[in-house]
Amino acid sequence: MISAPPAGEGARTLLVKIFGKDRPGLTAGLFETLAAFAVRVVDIEQVVTRGRITLCALVGPPGPGAAGGEGELRATVHAWAEAQRLQAEIISGIGDNPSRGSGRSHVTVLGNPLTAEVTAAVAARIAAVGGNIDRINRLAKYPVTAVEFNVSGVPTEELRTHLAKEAAARSVDVAVVASGLARRAPRLVVMDVDSTLIQDEVIELFAAHAGCEERVAEITAAAMRGELDFTQSLHARVALLAGLDESVVDKVRAEVRLTPGARTLIRTLKRLGCRVGVVSGGFTQVTDGLRDALGLDFAAANTLEIEGGKLTGRVTGEVVDRPGKARLLRSFASQAGVPLSRTVAIGDGANDLDMLNAAGLGVAFNAKPLVRAAAHTAVNVPFLDTVLYLLGITREEVEAADAQD
Ligand SMILES: [Mg+2]
């Protein structure tokens, strides 16, 4: 027996679309009906939204030994659908889906709530730059609504530039990431600590104990805005801590508050076999504790010098500054045997920018405008696990993995 030619260019195909109340057995029922006509399956797409199924089957023409021709197939499918109280539509045509255009990206839109206005604006901007939306699905409904558009036909960088303008104008998070294996399976994720992994700025916690909170906060803010050289500001701030009793270290460790979603992010990344590290312009006295508590693979920070039970107001060793953070990302990647293209960096401050740009994907997390503008992508909702959505991981998958343990 000679099999039918592939339903590529020029071959007749039938698009069978079913819509109605979902229940188990519908997909089986449709294909059992089609099986009587010995058709070949070219494509299947099925979604269920609020209990309603949309099932599309693209099939070849009735084959050898079929129960009848195309007319009989149509009549049989319609009769089956009617018996199931479903709507059916059958459209004759030629060939398969046109292949997707080059320049493929994932556009994740985070909203809390996600409005129709924002959705319209994002979709219109994609269309205006020549992109085609090939597929849309929801990644999460809580604590934010996250939807992903699969877009083709426009280079990722170009799409990102255009959508960044839309995002800024509408105060919504729109992340544009190139398609590819590297996205779903990053091998190394490196995070900043202060105001990224944790909600606090560690030096401000120390400063509160030293009674120099305001002065330190001023210097921190200026440094994070990029107005001050990080190393100078670090030395200036640490100097204000001179004479503080070393017992404050334990107090500060206990005061540190993880960012919501931090544990979920790290736990899920580790399940995916990903290595996770932190780099901080803060202090090893705190980051070592976080490394141990969270099971991190890498941690690097500055070390507060302690002599005779007191902070000296100095740091020891090489300062972890803006270029230092990028250097550490490269060093962690090489230790883990991971190419930079498969790394993700997350940070909020100006001193994270080199690291964010060196990584395969740089995520500005609730960052200052300067950082947001310069990073590959930005998240401005206060949940660290939303980074998973940028990698195409759904909340459902995260919860299922948690339930399994
Ligand atoms: Mg920070």
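Scoring rules and cut-offs
Residues numbered from 1 in each chain as written. Predicted model: local features only at pLDDT ≥ 70, side-chain atom pairs only at ≥ 80, totals over all residues. Heavy atoms only, no water. UniProt positions renumbered as here; feature names shortened; annotations may be inferred. Donors = N, O, S within 2.8 Å, 3.2 Å for Na, K, Ca; no water. Helix = DSSP H or I, 4+ residues; strand = E, 2+ residues; numbered from the N terminus. Buried < 20%, exposed > 50% of the residue type's maximum accessible area, 1.4 Å probe, protein only. Pairing = 2+ DSSP bridges. Axes fitted to C-alpha atoms, helices over the stretch in contact; angles between N-to-C directions. Contact = heavy atoms within 4.5 Å. Polar contact = N/O pair within 3.5 Å; in protein donor to acceptor, adjacent residues only side chain to side chain. Phe/Tyr/Trp six-rings, centres within 6.5 Å; stacked < 30°, edge-to-face > 60°. Core = buried A, V, L, I, M, F, W, Y, C linked by side-chain atoms within 4.5 Å. Domains from an automatic or database assignment. Right-handed = clockwise from strand over helix to strand, strands pointing away.

Naming follows an unreviewed UniProt entry, where the protein chain appears as phosphoserine phosphatase of Streptomyces hoynatensis. What the UniProt record of the protein chain gives under Cofactor (unreviewed entry) is the line "Mg(2+)". Taken from UniProt, the Sequence similarities (unreviewed entry) comment for the protein chain reads in full: "Belongs to the HAD-like hydrolase superfamily. SerB family."

1. Considering the coordination of the magnesium ion
Taken together, the protein ligands of the magnesium ion are Asp 192 (OD), Asp 194 (O) and Asp 348 (OD), with distances of 2.1 to 2.2 Å. For the magnesium ion, the single-chain donor residues occur in sequence as D-x1-D-x153-D. Here Asp 194 is found in the loop between strand E9 (188-191) and helix H6 (202-210), whereas its partner Asp 348 is found in the loop between strand E13 (343-347) and helix H13 (353-358), with 154 residues between them in sequence. Using a relative accessible area of 10% as the deciding quantity, one classes Asp 194 as buried. A residue is classified by how much of its surface remains accessible, and Asp 348, at 1% relative accessible area, is buried.

2. Details of helix H11 (residues 284-294)
Three or four residues apart is the spacing at which side chains of an α-helix point the same way, because the helix has 3.6 residues per turn. Considered for burial, the residues of H11 that qualify are Thr 284, Gln 285, Val 286, Thr 287, Leu 290 and Leu 294. Following H11 by one or two positions, Gly 295 has its phi on the positive side, about 70 degrees.

3. What about the sheet that holds strand E7 (residues 145-152)?
Within a sheet, each strand pairs with its neighbour through backbone hydrogen bonds, oriented either parallel or antiparallel. As summarised here, the arrangement of the four strands in space is E6-E7-E5-E8, forming an open sheet in which the pairing is antiparallel. Whereas interior strands pair on both sides, the edge strands pair on one side only; in this sheet they are strand E6 (132-140) and strand E8 (173-178). If you compare each strand with its neighbour and ignore which way they point, the axes differ by 20 degrees on average. Relative to E7, E6 runs antiparallel, the two sharing seven bridges. By the bridge assignment for E7, Asn 137 is matched with Glu 148. Packing against the sheet, helix H4 (residues 156-170) makes contact with strand E5 (105-111), E7 and E8, and its axis sits at approximately 175 degrees to E8.

4. Overview of the UniProt feature "active site" (unreviewed entry) in the protein chain
Feature annotation in UniProt assigns "active site" (unreviewed entry) to the following positions: Asp 192 and Asp 194. Within the secondary structure layout, Asp 192 lies in the loop between E9 and H6. Look at Asp 192 and you get buried, because its relative accessible area is 4%. In this view, Asp 192 contacts Leu 197, Val 279, Lys 325, Ile 346, Gly 347, Asp 348, Asp 352 and Met 355; residues no more than four positions away in its chain are not counted. A polar side-chain atom of Asp 192 sits 3.0 Å from a polar atom in the side chain of Thr 196. Once residues lying within four places of it in the same chain are set aside, the contact partners of Asp 194 are Asp 200, Glu 201, Val 202, Ile 203, Ser 280 and Asp 348.

5. Concerning the UniProt feature "domain: Phosphoserine phosphatase ACT" (unreviewed entry) in the protein chain
Under the UniProt annotation, the feature "domain: Phosphoserine phosphatase ACT" (unreviewed entry) is placed at residues 106-176. Between the end C-alpha atoms of residues 106-176 there is a gap of 6 Å, over a span that is 39% helix and 38% strand.

6. Describing the packing of aromatic side chains
A complete count under the given rule lists two aromatic pairs for this structure. With a centroid separation of 6.0 Å and an interplanar angle of 90 degrees, the aromatic rings of Phe 206 and Phe 283 are classed as edge-to-face. One end of the pair, Phe 206, is in helix H6; the other, Phe 283, is in strand E10 (residues 275-283), with 77 residues separating them in the sequence. Overall, the relative accessible area of 0% leaves Phe 206 in the buried class. Here the aromatic rings of Phe 298 and Phe 332 are separated by 4.6 Å at their centres, their planes lie at 15 degrees, and the arrangement is stacked.

7. Some thoughts on the nonpolar core
Counting 59 residues, the largest nonpolar core has Met 191, Leu 197, Phe 206, Phe 283 and Ile 346 as its most contacted members. Of the residues forming this core, the biggest block, five residues, is contributed by H6. Both domains that meet at this core, namely domain 2 (105-184) and domain 3 (188-374), each give it at least three residues. Contacts of Phe 283, omitting those with residues within four sequence positions, involve Val 202, Ile 203, Phe 206, Leu 234, Val 238, Ala 301, Asn 302, Leu 304 and Val 315.

8. Digging into the sheet that holds strand E3 (residues 52-59)
Across the sheet, four strands lie side by side as E2-E3-E1-E4; this open sheet has antiparallel pairing. A single partner strand is all that each edge strand has here, and the edge strands are strand E2 (41-49) and strand E4 (87-94). Strand-to-strand, the axes of this sheet are offset by a mean angle of 10 degrees, without reference to chain direction. Here eight bridges tie E2 to E3, and the two strands are oriented antiparallel to one another. Within E3, the position partnered with Glu 45 by the bridge is Cys 56. Of the strands in this sheet, strand E1 (12-21), E2 and E3 are in contact with helix H1 (residues 26-35), which crosses E3 at around 25 degrees.

9. A closer look at the domain arrangement of the protein chain
The domains assigned to the protein chain are domain 1 (12-94), domain 2 (105-184) and domain 3 (188-374). Measuring from the centre of the C-alpha atoms in domain 2 to the corresponding centre in domain 3 gives 30 Å.

10. A word on the pairing of strand E11 (residues 298-307)
In the sheet, E10 pairs with E11 via four bridges, with the strands oriented parallel. For Val 278, the partnering residue across the bridge sits in E11 and is Ala 299. With H11 bridging E10 and its parallel neighbour E11, the resulting β-α-β unit is right-handed. Sheet analysis places E11 next to strand E12 (residues 310-316), joined by four bridges and oriented antiparallel. Its bridge partner lying in E12, Leu 304 is registered against Val 315. Hairpin connection between E11 and E12: a loop of two residues separates the two successive antiparallel strands, and Gly 308 in this loop has a positive phi of roughly 60 degrees.

11. Section: unusual backbone geometry
Cis geometry is adopted by the peptide bond preceding Pro 113, which originates at Asn 112 and carries an omega value of 5 degrees. You can see Pro 113 is positioned in the loop between E5 and helix H3 (116-128). Look at Ala 38: it is not a glycine, yet its phi comes out positive at around 50 degrees. Note that Ala 38 resides in the loop between H1 and E2. Not every positive phi belongs to a glycine, and Arg 50 is a case in point at roughly 45 degrees. Mapping Arg 50 onto the fold places it in the loop between E2 and E3.

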